[in-house]
Amino acid sequence: MEDQSLIYEFNSRNYDASLTTCNIGLPAGTYYYRSESYYDSYSAELYTFRINYNASANWETEKNDTLLSADQIGVNVENYGAIHEKGGRDWYKFSIPSDGYISITFLHQMVEYGIWNISLYYEPDNKLFEIYSRNYDETKTSCNIGLPAGDYYIRIGNDSYSSCSDVDYSLKINYVATAGWETEPNNSYVTADACAVGVPINGSIMPGGDIDRYVLDVPQAGYYSINFVHSAVESGTWELNICDSNEKGIDSFYSRNSDTSKTKSFVYLNAGRNYVVVRSTSSQDYCDVDYTLTVTPSVIQNVQISKVTKPKKKQLRVAWKKVSGVSGYEISIAKNKKFTKGVKTVNVVVSKSKYTFKKLKSKKTYYVRMRAYVLEDNKYYYGEYSTCKKIKVK
C-alpha cells in the first residue's frame, strides 16, 4: 500500500525451493514488495518471484481487519477471503432492506488443522451469534436467524494462535424477506416481538443461551391454545412459558426433540398484554431448527345427539356422531327441562357413539343433553351443550 503499512509477510527457508503464499484480497491500487534476509541468515543464490493476480469483485480487500474497515458485501452472493496470519480477522458489513431471516454458509477445503470463528454483530459492540468451522467441516451453515431491516457485521476470526489455516474460504449470507419471523435480538421484555392471535410466527433458538420473547395482545379474556411446531431433531428440549402483563408466569410446557408438535390447549389469558417466552432448557443441549408458534382461541367441537330411543323397559339409549379433538363426552338426563330434578350424568370415552341408561322409572319423561370435553393436566374443559331431547321410557 502507498502508506507502506504491512499487509502480509512470509519466510522462505533454505529447503523450500518453491513457496506460494495464500490468496490475498486487495483493492485496486499500488503495492510494494520487499525481500530481505532473515536476521544473519542469508544466501547469495538467485531467486525469482511472481505476483499472481486475478480480478474479482467478490474477494475481501485487505486491510479489513477492523469493523471500521469492513468490506461491504451483498446478500445471497458468495464472497471469498483468507485468514493469512495467526489471530487474523476479516470484517464484512451487509444490509437487508426489509425484515426477514438469514443463515450464514461458510465453506473451505478440508485441512490438517485450523478453526474459524464466524460471528454476527448487530451493533459494533454487540455480538448476536457465533459458530465455529473446524478443519474437517468443509461446509458449515448456521441456523436461520430472524432480523429486522438494517445493517449488520460479520467477523471471520482465527481465535487460536496455535491452530490456524490460510486456505481460501467462501462466505454467503442467505437472506429471505418475510414478515412472519422473529426479529433478533428479542431476548428481553422490552425488545419482545409482537405476536397476534391466530397469526403464526417463526423463530429459532440460537446457540449460546438465546431466548425469544413475544408480546401477545389478547382481544378478550378467555382460554387460548398455544401450539408449538418443529421438525424432529436428535436431541434438545424447548421450554415455553406464558406470562401475564406483569411478567408473572401463568403456565408452561415443554416440547422435546421428538415431539414435532406440542399444544397447550387451554391457557386462560386476560385481555390486553401477555407474553410467550421460548428458550432451550440447556445452552449445551439446544435446538436451533426453525419453529412455528401459533396462539388461537381454544375450541372444543360441539357434539349433537342424533337419536334417542327406548330399546327396553326402563331404558333409554342416546346415539351421537363422534367429533375430533376431544377426550370424551358428558351425557346428562333429568326429569325436567332445566335439569334440576332427577339428574344423572355419565362420562363416556371418546371411542363410543352410543350409551344406554338403565333402571329408569317406567312411563316417565326424561330430558337428554350432552357435551364434549377435553381433559388436560387433570382438568376438564367443556364444549357447549347439545340441543335438548326428550323421551318417555317404557
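The present account deals with the structure reproduced in this document. (Residues numbered from 1 in each chain as written. Predicted model: local features only at pLDDT ≥ 70, side-chain atom pairs only at ≥ 80, totals over all residues. Heavy atoms only, no water.)

1. A few points about the sheet that holds strand 1 (residues 71-72)
Link 1 in the chain: Judged by pairing direction, the sheet is mixed, and its five strands sit side by side in the order 1-3-9-5-6 without closing on themselves. Two strands close off the open sheet at either side, each with one partner strand: strand 1 and strand 6 (126-134).
Link 2 in the chain: Relative to strand 3 (residues 89-96), strand 1 runs parallel, the two sharing two bridges. The partner of Gln72 across the bridge, within strand 3, is Lys93. (Pairing = 2+ DSSP bridges. Helix = DSSP H or I, 4+ residues; strand = E, 2+ residues; numbered from the N terminus.)

2. What about the pairing of strand 4 (residues 100-108)?
Link 1 in the chain: Taking burial as the measure, the nine residues of strand 4 include seven buried ones, the bulk of the element.
Link 2 in the chain: Two strands pair when backbone bridges link them, and strand 4 and strand 8 (residues 145-147) are joined in this way by three bridges, in the antiparallel orientation. Bridging from a neighbouring strand, Ile102 pairs with Ile145 of strand 8.
Link 3 in the chain: As defined by bridge partners, strand 4 adjoins strand 10 (residues 169-177) across nine bridges and the pair is classed as antiparallel. What sits directly across from Ile102, in strand 10, is Tyr175.
Link 4 in the chain: Looking at chain direction, strand 4 and strand 7 (residues 139-141) are connected through three bridges and run antiparallel. Counted as the bridge partner of Leu107 is Thr139 from strand 7. (Buried < 20%, exposed > 50% of the residue type's maximum accessible area, 1.4 Å probe, protein only.)

3. Section: the side chain of Asp193
Link 1 in the chain: The residue Asp193 is located in strand 11 (residues 193-195) in this model.
Link 2 in the chain: Despite its burial, Asp193 remains without a salt bridge, the nearest opposite charge being carried by Arg213 at 11 Å.
Link 3 in the chain: Within the local environment of Asp193, its side chain forms a polar contact with the side chain of Thr183, the two groups lying 2.5 Å apart.
Link 4 in the chain: Discounting residues that sit within four places of it in the chain, Asp193 has contacts with Glu182, Thr183, Asn186, Arg213, Tyr214 and Val215. (Lys, Arg positive; Asp, Glu negative; His and termini not counted. Salt bridge = Lys/Arg side-chain N within 4 Å of Asp/Glu carboxyl O. Polar contact = N/O pair within 3.5 Å; in protein donor to acceptor, adjacent residues only side chain to side chain. Contact = heavy atoms within 4.5 Å.)

4. With respect to a nonpolar patch on the surface
Link 1 in the chain: On the surface, Phe10, Leu19, Tyr33, Tyr47, Phe49 and Ile51 cluster together into a nonpolar patch covering about 650 Å² of accessible area.
Link 2 in the chain: Mapped onto the elements, Phe49 comes out in the segment before strand 1. (Patch = residues over 30% accessible without salt bridge, like charges linked within 9 Å, V, L, I, M, F, W, Y side chains within 5 Å. Areas by Shrake-Rupley, 256 points an atom, 1.4 Å probe, with all protein chains shown as cover.)

5. Overview of the pairing of strand 20 (residues 305-309)
Within a regular strand, the side chains alternate between the two sheet faces.
Link 1 in the chain: Strand direction decides the pairing type here: strand 20 and strand 21 (residues 316-320), joined by four bridges, are antiparallel. The residue of strand 21 that forms the bridge with Ile305 is Trp320.
Link 2 in the chain: Hairpin remark: strand 20 followed by strand 21, antiparallel, with six residues in the connecting loop; positive phi at Lys314, about 60 degrees.

6. Let's talk about the pattern of salt bridges
If charged atoms from side chains of opposite charge come close, those side chains can pair.
Link 1 in the chain: Taken as a whole, this structure holds five salt bridges when the rule is applied.
Link 2 in the chain: The partner of Glu130 in a salt bridge is Lys127, with the nearest N and O atoms 3.0 Å apart.
Link 3 in the chain: In this structure, Lys264 engages Asp251 in a salt bridge whose closest nitrogen and oxygen atoms are separated by 3.5 Å. Taken as a pair, Lys264 in strand 17 (residues 261-269) and Asp251 in strand 16 (residues 249-256) lie far apart in primary sequence, 13 residues in all.
Link 4 in the chain: Here Asp251 falls in the partly exposed class, since its relative accessible area comes to 25%.
Link 5 in the chain: Here the residues in one salt-bridge network are Asp251, Lys264 and Asp377, joined through shared partners.

7. With respect to the sheet that holds strand 12 (residues 201-203)
Link 1 in the chain: Across the sheet, four strands lie side by side as 12-19-14-17; this open sheet has antiparallel pairing. Two strands lie at the open edges of the sheet, namely strand 12 and strand 17, each paired on one side alone. Across the sheet, the mean angle from the axis of one strand to that of its neighbour is 20 degrees, orientation sign disregarded.
Link 2 in the chain: Sheet topology note: the strand 12/strand 19 (residues 291-297) ladder contains three bridges and is antiparallel. Residue pairing in the sheet places Ile201 in a bridge with Leu293 of strand 19. (Axes fitted to C-alpha atoms, helices over the stretch in contact; angles between N-to-C directions.)

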